[in-house]
Amino acid sequence: MKLVATSFLIGATIIFFGTHAFEGAWVGYVRAAAEAGMVGALADWFAVTALFRRPLGLPIPHTAIIPERKNMFGQTLGDFVGVNFLSPEIVQDKLRRAGIAERAGAWIKQPANAERITNELSNVLKGAITVLKDEEVQAVVEQAIVKRVTEKPWGPPLGKLLQQVLTDGAHHKLVDLMCDRAYEWVRDNYDKVSLIVSDRAPTWSPKFVDALLGDKVYTELVNFAWAVKTDVNHPMRLAVDQFLIEFSGDMQTDEATMHRAEQVKQQVIGHPDVQKLISSAWSTAKKMLIDAAEDPSSELRKRVTQGLITLGTNLTDDLELRAKVDGWLEQAAGYVVGNYRAEITTLITDTVERWDAEETSRKIELQVGRDLQFIRINGTVVGALAGLVIYTVANVLF
């Protein structure tokens, strides 16, 4: 395009000098048009060149505008973007009209898209787990979880929980199970009951007496166990309920009982198997998470995918939910733009400041230079026409 624009200047110059070889009234009109075209071409060449460099290398004021005032352009551009594009009102209005929640829901509820998001989330999860150091995570687990669990007394909360269980009657099934097992054990262990009786009998007691006594004790035990098993209001059951009620209260108020609960807690926490379980908790959880993330058929990934589909469906069908999500997005965007607009526009100004002046000028010239060369071409043509008009008017008037 530079060659094309320059060829117009050369053409006007050739015509201007060529007219001196001819005579006639028409020659003056052609010479005036060519002369004015040369002036217009040179003037516009100077103007276009002055944007990017000093014409002919001469230190003419107000030339090489882009290299000299690059930083100011960057600041002006940043301010322009901040005022006209990054105002909370403009951003919120754009988000409001965009209907992001509905469009996002329509995209997410597609199974293929939900699966794609799940894959990306799985990769993120695996990357995050891989980056974390096992010893550091284990220390967090022990300090943040185990320590908090053990530093508080167990007696009162356990007592309150037991009291709630007793109030709801949820313990009756456990008592029923214990009664059933007790009856079954007594029923199926005649020999053991008889052996216990014979072992406790005096040495001088006859064997047949011991056998009769064993039979009697066994029969009474079976009848007692059966009565406890079948009668929900049996005194034994009522005694167990009363004991549990008193025990739940003691765990909350009795110092001795609470102290014993703390001792049991320390024994449980200090047990080697428990310590081993705590130390391997993160390793086990890590392996489970990685396996679940890598397996497309894992329950975790299925639930995440289904949850995404449900979320997308709700966003498209539930007007109230969609309005809430859009409102959250608008508020978040307004907050970010209102509080961090200067930091965002600084990205523009800082980036422009880091650019090399000559390289920046060259890049801009390559982007817009083609259109600027049309200015030179138009300058040549318009100058020639203007010169022709001026010459014509002058001849008519004078």
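Residues numbered from 1 in each chain as written. Predicted model: local features only at pLDDT ≥ 70, side-chain atom pairs only at ≥ 80, totals over all residues. Heavy atoms only, no water.

The next thing to look at is the overall build of the chain. Check the secondary structure of the chain and you find 19 helices and 0 strands. Here the C-alpha atoms of the chain give a radius of gyration of 47 Å, more than 25% beyond the 21 Å that 2.2 N^0.38 yields for 398 residues. By its C-alpha atoms, the chain is 165 × 45 × 40 Å across when sized along the principal axes. Counted over contacts in the chain with a minimum sequence separation of 6, partners at least 24 positions apart contribute 73%. Looking at the chain as shown, the accessible area adds up to about 26700 Å², and 64% of this sits on carbon and sulfur atoms. (Helix = DSSP H or I, 4+ residues; strand = E, 2+ residues; numbered from the N terminus. Rg over C-alpha atoms; globule rule 2.2 N^0.38 Å. Contact = heavy atoms within 4.5 Å. Areas by Shrake-Rupley, 256 points an atom, 1.4 Å probe, with all protein chains shown as cover.)

Here we come to the packing of helix α10 (residues 172-188) against helix α13 (residues 235-253). In contact at an axis separation of 12 Å, α10 and α13 are set at 135 degrees when each is read in the N-to-C sense. Here α10 is positioned oblique relative to α13, judged by the angle of their axes. Judged by the sense of rotation from one axis to the other, the crossing of α10 with α13 is right-handed. Contacts from H172, V175, D176 and C179 in α10 reach R237, V240 and D241 in α13. Tallied by class, the residues present in the contact of α10 with α13 amount to 3 nonpolar, 1 polar and 3 charged. (Axes fitted to C-alpha atoms, helices over the stretch in contact; angles between N-to-C directions. Parallel < 35°, antiparallel > 145°, perpendicular 65-115°, else oblique. Left-handed = near helix turned anticlockwise from the far one by under 90°. Nonpolar A, V, L, I, M, F, W, Y, C, P; charged D, E, K, R; others polar.)

Over its 17 residues, α10 extends 24 Å from the first C-alpha to the last, a length consistent with the 24 Å expected when each residue adds 1.5 Å. Burial in α10 covers these residues: V175, C179, Y183 and V186. Down the axis of α10, the smallest arc covering the buried residues is 70 degrees, so these residues share one side. Along α10, the residues that are exposed and aim more than 90 degrees away from the buried face are K173, L174, R181 and D188. (Expected span 1.5 Å × (residues − 1). Buried < 20%, exposed > 50% of the residue type's maximum accessible area, 1.4 Å probe, protein only. Arc of directions from axis to C-beta.)

Looking now at a negative patch on the surface. On the surface, a cluster of negative charge is contributed by E246, D250, D254 and E255. Along the chain, D250 falls in helix α13. (Patch = residues over 30% accessible without salt bridge, like charges linked within 9 Å, V, L, I, M, F, W, Y side chains within 5 Å. Salt bridge = Lys/Arg side-chain N within 4 Å of Asp/Glu carboxyl O. Lys, Arg positive; Asp, Glu negative; His and termini not counted. Charge placed at Lys NZ, Arg CZ, Asp CG, Glu CD.)

Glancing now at the pattern of salt bridges. Side chains bearing opposite charge may pair, as long as their charged atoms lie close to each other. Considering all chains together, one arrives at 13 salt bridges under this definition. Notably, a salt bridge pairs E220 with K216, separated by 3.2 Å at the nearest N-O pair. Of this pair, E220 and K216 both sit in helix α12 (residues 207-230), 4 residues apart, which is roughly one turn of the helix. When salt bridges with common partners are traced through the structure, they connect D93, R96, R97 and E330 into a single cluster.

What follows is about a nonpolar patch on the surface. A cluster of nonpolar side chains, namely V389, V393, V396, L397 and F398, defines an oily patch on the protein surface of about 590 Å² accessible area. You can call L397 exposed: its relative accessible area is 60%.

Running from amino to carboxyl end, helix α1 (residues 2-18) crosses helix α2 (residues 25-52) at an angle of 150 degrees, the nearest separation of the two axes being 8 Å. Between α1 and α2 lies a crossing of left-handed hand. Of the residues in α2, those touching α1 at L9, A12, T13, I15 and F16 are V30, R31, A34, E35, G37, M38, A41 and L42. Split into classes, the residues belonging to the contact of α1 with α2 amount to 9 nonpolar, 2 polar and 2 charged.

For the rest of this paragraph, the subject is the environment of G312. With respect to the helices, strands and loops of the structure, G312 is situated in helix α17 (residues 299-317). Residues G312 and R187 lie 125 residues apart in sequence; the distance between their C-alpha atoms is 61 Å. In this structure G312 touches G105, I108 and K109, once residues within four positions along its chain are discounted.

Looking at the element boundaries, T63 is found in the loop between α2 and α3 (65-68). Of note is the side chain of T63, whose polar atom sits 2.6 Å from the backbone oxygen of I60. Setting aside chain neighbours within four positions, we find T63 in contact with F46, A50, R53, R54, P55, L58 and E68. (Polar contact = N/O pair within 3.5 Å; in protein donor to acceptor, adjacent residues only side chain to side chain.)

Looking now at unusual backbone geometry. The backbone of H62 shows a phi angle near 60 degrees, a positive value even though the residue is not glycine. Residue placement: H62 occurs in the loop between α2 and α3.

With that out of the way, let us pick up the environment of K192. With respect to the helices and strands, the residue K192 is situated in helix α11 (residues 190-200). For K192 and P111, which are 81 residues apart along the polypeptide, the C-alpha to C-alpha distance reads 65 Å.

Counted by the stated rule, this structure contains 5 aromatic pairs. Note on Y183 and W226: the rings are 5.3 Å apart at their centroids and 55 degrees apart in plane angle, and the pair reads as tilted. Of this pair, Y183 sits in helix α10 while W226 sits in helix α12, and the two are 43 residues apart along the sequence. Ring plane angle 70 degrees and centroid distance 6.4 Å describe the contact between Y335 and Y340, whose orientation is recorded as edge-to-face. (Phe/Tyr/Trp six-rings, centres within 6.5 Å; stacked < 30°, edge-to-face > 60°.)

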